[in-house]
Amino acid sequence: IFSEFKIISILNFYLFSIRFIWIEYIMVINYIFMVVFTIWIILNILFAYSKYAIVLNNKNVFQAIWESSKISILNLKKTTKLYFLIFFLNLRVIVNFIIFLFFPIMIFVVIWLITTKFLLIIAITILWIIFIWLILALWYLTAVLDVFKTALWYYAYEEWKKYLEE
């Protein structure tokens with residue numbers, strides 16, 4: 001969901017550890033992953049603007065991390081708000097995807113329960129077309145959201161870089 005350090009990777013490793021390490025050690029694993037998760041949040045906030053410093057200002061990695069850390073620390077409240085905004089936007093996309101999947105499946109089930117085989121074939125064909133159209137629409141909306149997120153971070157970086165230079 002976030003950029004530099006993916007929460008999915010941390011979650012996958014956590015679930016993998018819980019599955020293959022004995023249950024007696026679950027509390028130790030929970031504490032370790034709470035620390036890892038906290039470090040992940042801090043690093044994501046500190047490195048939020050580093051990729052824009054690299055691309056836009058041709059800085060090396062360490063200079064970009066230093067500049068990003070300064071901007072993030074000076075604007076900690078706004079940077080945190082941006083992260084939560086992006087998180088909730090991504091959550092909304094997931095909910096929309098579930099809704100897009102739910103309605104064609106429910107229509108299919110209702111038609112399947114009340115129709116004959118011939119009408120079922122027609123209904124399945126129509127629902128496949130609707131389903132594919134909805135997936136393409138969701139694909140487009142996700143791309144638009146990604147462009148919006150990138151623009152949001154870019155403008156935040158530019159504004160706070162100007163503020164830092166003053």
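Residues numbered from 1 in each chain as written. Predicted model: local features only at pLDDT ≥ 70, side-chain atom pairs only at ≥ 80, totals over all residues. Heavy atoms only, no water.

So, a nonpolar patch on the surface
The condition that has to hold: Put simply, a patch holds well-exposed residues, over 30% relative accessible area, that have no salt bridge, with like charges counted together within 9 Å and Val, Leu, Ile, Met, Phe, Trp or Tyr side chains within 5 Å. Under the convention used here, a 1.4 Å probe and the Shrake-Rupley method define accessible areas, while residue burial counts only the protein chains that appear. What makes a salt bridge here is a side-chain nitrogen of Lys or Arg within 4 Å of a carboxyl oxygen of Asp or Glu, nothing more. Only runs of H or I of at least four residues qualify as helices and only runs of E of at least two qualify as strands under DSSP, and these elements are numbered from the N terminus. When accessible area is computed with a 1.4 Å probe and restricted to protein chains, residues below 20% of their type maximum are described as buried, those above 50% as exposed, and intermediate ones as partly exposed.
Together, I105, F108, V109, V110, W112, L113 and I114 make up a nonpolar patch on the protein surface, roughly 690 Å² of accessible area in all. With respect to the helices and strands, the residue I114 is situated in helix α5 (residues 76-114). I114 gets classed as exposed once you look at its relative accessible area, which sits at 66%.

Quick word on the environment of N57
Cut-off, in case you're wondering: In this analysis, two residues are considered to be in contact whenever any of their non-hydrogen atoms come within 4.5 Å of each other. In the analysis that follows, any N or O atom pair within 3.5 Å is treated as a polar contact, provided that within protein one partner can donate a hydrogen and the other can accept it, and provided that, for residues neighboring in sequence, both atoms belong to side chains.
With respect to the secondary-structure elements, N57 resides in helix α3 (residues 50-57). Overall, the relative accessible area of 25% leaves N57 in the partly exposed class. With sequence-adjacent residues up to four places away left out, N57 is seen in contact with Y52, E67, Y157 and K161. A distance of 2.5 Å separates a polar atom in the side chain of N57 from a polar atom in the side chain of Y157.

Describing the pattern of salt bridges
Summed over the entire model, instances satisfying the criterion amount to one salt bridge. E67 is the salt-bridge partner of K59, the closest N and O atoms lying 2.7 Å from each other.

Brief notes about the nonpolar core
How we decide: Definition of nonpolar core: a set of buried residues of the types Ala, Val, Leu, Ile, Met, Phe, Trp, Tyr and Cys, connected through side-chain atoms within 4.5 Å.
Core analysis: the largest hydrophobic core is formed by 17 residues, its most contacted members being Y49, L82, W153, Y157 and W160. Residue assignment for this core shows that the elements contributing at least two residues are α3, α4 (61-74), α5 and α6 (117-165). When residues no more than four places from it in sequence are discounted, the contact partners of W160 are Y49, I71, N75, K78, T79 and L82.

A short note on α3
Each full turn of the α-helix corresponds to 3.6 residues, which orients residues three or four apart in the same direction. Worth spelling out the cut-off: Think of it as the arc spanned by the lines of direction from the helix axis to the C-beta atoms.
All of the buried residues along α3 are S50, Y52 and A53. Burial along α3 is one-sided: seen end-on, the buried residues are contained in an arc of 160°. N58 sits one or two residues past α3 and shows a positive phi near 55°.

Details of the packing of aromatic side chains
Definition in use: Between the rings of Phe, Tyr and Trp (Trp by its six-membered ring), a pair exists once the centres lie within 6.5 Å; its type follows the angle of the planes, with under 30 degrees stacked, over 60 edge-to-face, and the other angles tilted.
The tally for this structure, following the rule as stated, stands at eight aromatic pairs. Here Y49 and W153 contribute two aromatic rings whose centre-to-centre distance is 5.4 Å and whose plane-to-plane angle is 65°, an arrangement assigned as edge-to-face. Of the two residues, Y49 is situated in the loop between α2 (26-46) and α3 and W153 in helix α6; the sequence distance between them amounts to 104 residues. The exposure classification of Y49 matches that of W153, with both residues buried. Ring geometry for W128 against F131: centres 5.7 Å apart, planes inclined by 90°, an arrangement best described as edge-to-face. In this pair, W128 and F131 are both assigned in helix α6, three residues apart and thus about one turn of the helix distant. Since its relative accessible area comes to 24%, F131 is described here as partly exposed. Three or more aromatic residues link up through ring pairs in this structure, and these residues are Y49, Y52, Y83, W153 and Y157.

Any link to function would need more than the numbers given here.
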